[in-house]
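Summary of the model geometry
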Amino acid sequence: MDGIRQERQEHEGPSVDLRMDVPHSARVYDYLIGGKTNFEADRVAARASVSAWPSLPISMRTTRTFMQRVVRRLAEEYGVRQFLDIGTGIPTSPNVHEIAQSITPEARIAYVDNDPIVLTHARALMSSSPEGRTCYIDADLRDVDSIMQDPKLQAVLDLTEPVALSLIAIVHFVLDEDDPQGIVRRLMDQLAPGSFLALTVFTGDTNPEAVGGVGREYNARGIPLQIRDKAETLAFFDGYDLLDPGVTLVHHWRPDQNSPQVRDEDIAMYGGVAVKRA
């Protein structure tokens, strides 16, 4: 894709292997929500998944608006000033820092992803307000220590104060054998009381056959994907206090006037937000 090559030439940054011939979850997601930062291998994988379940783009776009509502609510209603966004994906405005800093200019955001193309676009995630700060960390969700011990994260976030951990459209790429609930607990254990967990889980509860087809398409192309039910989703929040309305399909979580009007059968993502008590 010429636009991506030009982007790499125009922006300073490390030389990385984009592996254009191999689909990557972040780039497939970018295509599904209408982005242009993807390659043919990503588009082929996305189209095959949409053939299995035509509502997939609706579900992914609705998940993106869930993230936006969560950040806005946490900043406005709960006074959150720090965010750790893991599985950031390719920058798509409004990003977490743009939402949070529009409410609280001094908000601080640490972004984490492991897709080389996200690294090439990291500058868009570093455009902080003068009062706030942002950083980007190239790391895998499964490597908790490399994330939490990274000097950039420790320079931007004060871990003695509450942080909102955002895991949106990411944990379904962590298989059960890697203990995703344990990974989330290890991350939350290093955050102060009063911190929040915002998380989504890819589910087949609304359309098992079609969503199962999506899972098969992803897995066939080397993108491991785990579909989970509501009980498995609730397990991620064990030990934390869920905010109302609890774990719901993402379009039912505190909708506002900008929320899309969609049918339950078009959504394959549960979402919830919980707080860590002392």
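Quick look at the structure, then. (Residues numbered from 1 in each chain as written. Predicted model: local features only at pLDDT ≥ 70, side-chain atom pairs only at ≥ 80, totals over all residues. Heavy atoms only, no water.)

1. Structural notes on the overall build of the chain
When you go through the chain residue by residue, the secondary structure sums to 11 helices and eight strands. Computed over the C-alpha atoms, the radius of gyration of the chain is 18 Å, within 12% of the 19 Å expected from 2.2 N^0.38 for a compact globule of 278 residues. Overall size of the chain, expressed as C-alpha extent along the three principal axes, is 45 × 45 × 40 Å. Each of the 278 residues in the chain was classed as buried or not, and the buried ones make up 55%. Pairs at least 24 apart in sequence give 73% of the contacts found in the chain among residues at least 6 apart. In the form shown here, the chain has an accessible surface area of approximately 11900 Å², with 47% of it arising from carbon and sulfur atoms. Each charge sign in the chain was given a centre, from 28 positive and 41 negative side chains, and these centres are 3 Å apart. (Helix = DSSP H or I, 4+ residues; strand = E, 2+ residues; numbered from the N terminus. Rg over C-alpha atoms; globule rule 2.2 N^0.38 Å. Buried < 20%, exposed > 50% of the residue type's maximum accessible area, 1.4 Å probe, protein only. Contact = heavy atoms within 4.5 Å. Areas by Shrake-Rupley, 256 points an atom, 1.4 Å probe, with all protein chains shown as cover. Lys, Arg positive; Asp, Glu negative; His and termini not counted. Charge placed at Lys NZ, Arg CZ, Asp CG, Glu CD.)

2. Here we look at the pairing of strand E1 (residues 82-86)
The element E1 is extensively covered by neighbouring structure, given that five of its five residues are classed as buried. Here E1 shows two buried faces, one formed by Gln 82, Leu 84 and Ile 86 and the other by Phe 83 and Asp 85. Handedness of the β-α-β unit built from E1, helix H5 (residues 96-103) and strand E2 (residues 108-113) comes out right-handed. (Right-handed = clockwise from strand over helix to strand, strands pointing away.)

3. Considerations on the nonpolar core
One broad rule of soluble globular proteins: the nonpolar side chains tend to lie buried together. Leu 84 and Leu 167 are the most contacted members of the largest nonpolar core, which has 86 residues in total. No other element matches helix H4 (residues 56-77), which puts seven residues into this core. Ignoring sequence-local partners within four residues, the contact set of Leu 167 consists of Ile 86, Leu 141, Val 184, Leu 197, Ala 198, Leu 199 and Thr 200. (Core = buried A, V, L, I, M, F, W, Y, C linked by side-chain atoms within 4.5 Å.)

4. Remarks on the environment of Pro 54
Here Pro 54 lies in the loop between helix H3 (40-52) and H4. With 156 residues separating them along the chain, Pro 54 and Ala 210 place their C-alpha atoms 8.7 Å apart.

5. Section: the pattern of salt bridges
In the structure shown here, the tally under the stated rule is 16 salt bridges. Of the charged contacts, one joins Arg 81 and Glu 106 as a salt bridge, the two residues approaching to 3.8 Å between their closest N and O atoms. Of this pair, Arg 81 sits in the loop between H4 and E1 while Glu 106 sits in the loop between H5 and E2, and the two are 25 residues apart along the sequence. Classification of Arg 81 by relative accessible area gives partly exposed; the value is 33%. For Glu 106, a relative accessible area of 41% gives the class partly exposed. Here Arg 221 ties to Glu 217 by a salt bridge, and the two come within 2.5 Å at their closest N and O atoms. (Salt bridge = Lys/Arg side-chain N within 4 Å of Asp/Glu carboxyl O.)

6. Quick look at the pairing of strand E5 (residues 196-202)
Across the seven residues that make up E5, a large majority, seven, are buried. On E5, burial covers both faces: Phe 196, Ala 198, Thr 200 and Phe 202 on one face and Leu 197, Leu 199 and Val 201 on the other are all buried. The sheet contact formed by strand E4 (residues 164-167) and E5 spans four bridges and is parallel. Each bridged residue has a counterpart across the sheet, and for Ala 164 the counterpart in E5 is Phe 196. (Pairing = 2+ DSSP bridges.)

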